[in-house]
Amino acid sequence: SIYFKNYEGGFILNFDTVNGEGLILGTQDIGFGEFGCYSLCIPTDVNLGSGQNNTDLILMYCNHQGIAAQICDTSDLNGYTDWYLPSYYDLKEVCKISNYPYNIQNLLALTPGGIYSTSSQMTCTTAWVVNQPTNSSYCNGTTYASKSMPYIVRPMRSFTSQSSPTYVSTSG
């Protein structure tokens, strides 16, 4: 399996064999940031794979410095600079690790007790976040929170079949 293998700056989290597109989760948290532009309605999406477009929209509509989308967009993590803030369902993919062996959970686990930013707005004043409970190695669910509060930022990036994961080493 190619899932959870270290590839192009992070861990393969999702791969669609039909369209050849996949998601890579950054190997670490890269800071704290608020969604930004508290009362401004930004037309973001919650769907899997919408994180890049959401990040672009947030940056287009909101020019606040130090917001979560900007932190991802300007990140140079493990030699890659095309990171974005994951959408609600992009980050929910991490929550699926509860079905995998403990060593995989440890590899991808979010910071215990952490609340993670997503690029999916719920209302003009709230955005979806993902909670990581302190007594568990997997996400217990999601909720929404104020866009003006800073939450943990974990970047994500995408790849396509042009950077085929068939070349990923499956040994460790």
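If you're wondering where the values come from, they're calculated on a predicted model, not measured in any experiment. (Residues numbered from 1 in each chain as written. Predicted model: local features only at pLDDT ≥ 70, side-chain atom pairs only at ≥ 80, totals over all residues. Heavy atoms only, no water.)

Engineer: Looking at this structure, I do not really get the pattern of salt bridges. What am I missing?
Structural biologist: Side-chain pairing between opposite charges can occur once the charged atoms of the two side chains come close. Per the counting criterion, the structure on display carries 3 salt bridges. Arg157 serves as the salt-bridge partner of Glu8, at 3.2 Å between the closest nitrogen and oxygen. Here Arg157 lies in strand E9 (residues 156-159) and Glu8 lies in the loop between strand E1 (6-7) and strand E2 (10-16), a separation of 149 residues in the sequence. Each member of the pair, Glu8 together with Arg157, is buried. (Salt bridge = Lys/Arg side-chain N within 4 Å of Asp/Glu carboxyl O. Helix = DSSP H or I, 4+ residues; strand = E, 2+ residues; numbered from the N terminus. Buried < 20%, exposed > 50% of the residue type's maximum accessible area, 1.4 Å probe, protein only.)

Engineer: It is not clear to me how the side chain of Thr126 should be interpreted in this structure. Could you clarify?
Structural biologist: For Thr126, the position within the fold is in strand E6 (residues 126-131). Within polar-contact distance, the side chain of Thr126 engages the side chain of Thr123 at 2.7 Å. Discounting chain neighbours no more than four positions away, the residues touching Thr126 are Gln121, Tyr144, Ala145, Ser146 and Lys147. (Polar contact = N/O pair within 3.5 Å; in protein donor to acceptor, adjacent residues only side chain to side chain. Contact = heavy atoms within 4.5 Å.)

Engineer: Which parts of the structure should I look at to understand the state of the cysteines?
Structural biologist: Disulfides are covalent bonds that connect the sulfur atoms of two cysteines. Under the criterion given, the structure shown has 2 disulfides. Across a sulfur-sulfur distance of 2.1 Å, Cys37 and Cys62 are joined as a disulfide pair. A torsion of 95° about the S-S bond marks the disulfide between Cys37 and Cys62 as right-handed. Placement of Cys37 in the loop between strand E4 (31-33) and helix H1 (51-61) and of Cys62 in the loop between H1 and helix H2 (68-73) is noted, with a sequence separation of 25 residues between them. Overall, Cys37 belongs to the buried group, its relative accessible area being 11%. Here Cys41 connects covalently by a disulfide to Cys124, the sulfurs 1.3 Å from one another. On the sign convention where negative is left-handed, the bridge of Cys41 and Cys124, at about 40° about the S-S bond, is right-handed. A residue pair is termed long-range when its members are at least 10 positions apart, and Cys41 in the loop between E4 and H1 and Cys124 in the loop between strand E5 (115-121) and E6 qualify at 83 residues. Taken in sequence order, the bonded cysteines of the protein chain link in the pattern 1-3, 2-4. (Disulfide = S-S within 2.5 Å.)

Engineer: Quick question: what am I supposed to make of unusual backbone geometry here?
Structural biologist: As a rule of thumb, non-glycine residues mostly have phi less than zero, and peptide bonds are mostly trans rather than cis. We note that Glu8 has phi near 45°; this positive angle belongs to a residue other than glycine. The backbone of Asn78 sits at a positive phi, close to 55°, despite the residue not being glycine. Mapped onto the elements, Asn78 comes out in the loop between H2 and helix H3 (88-95).

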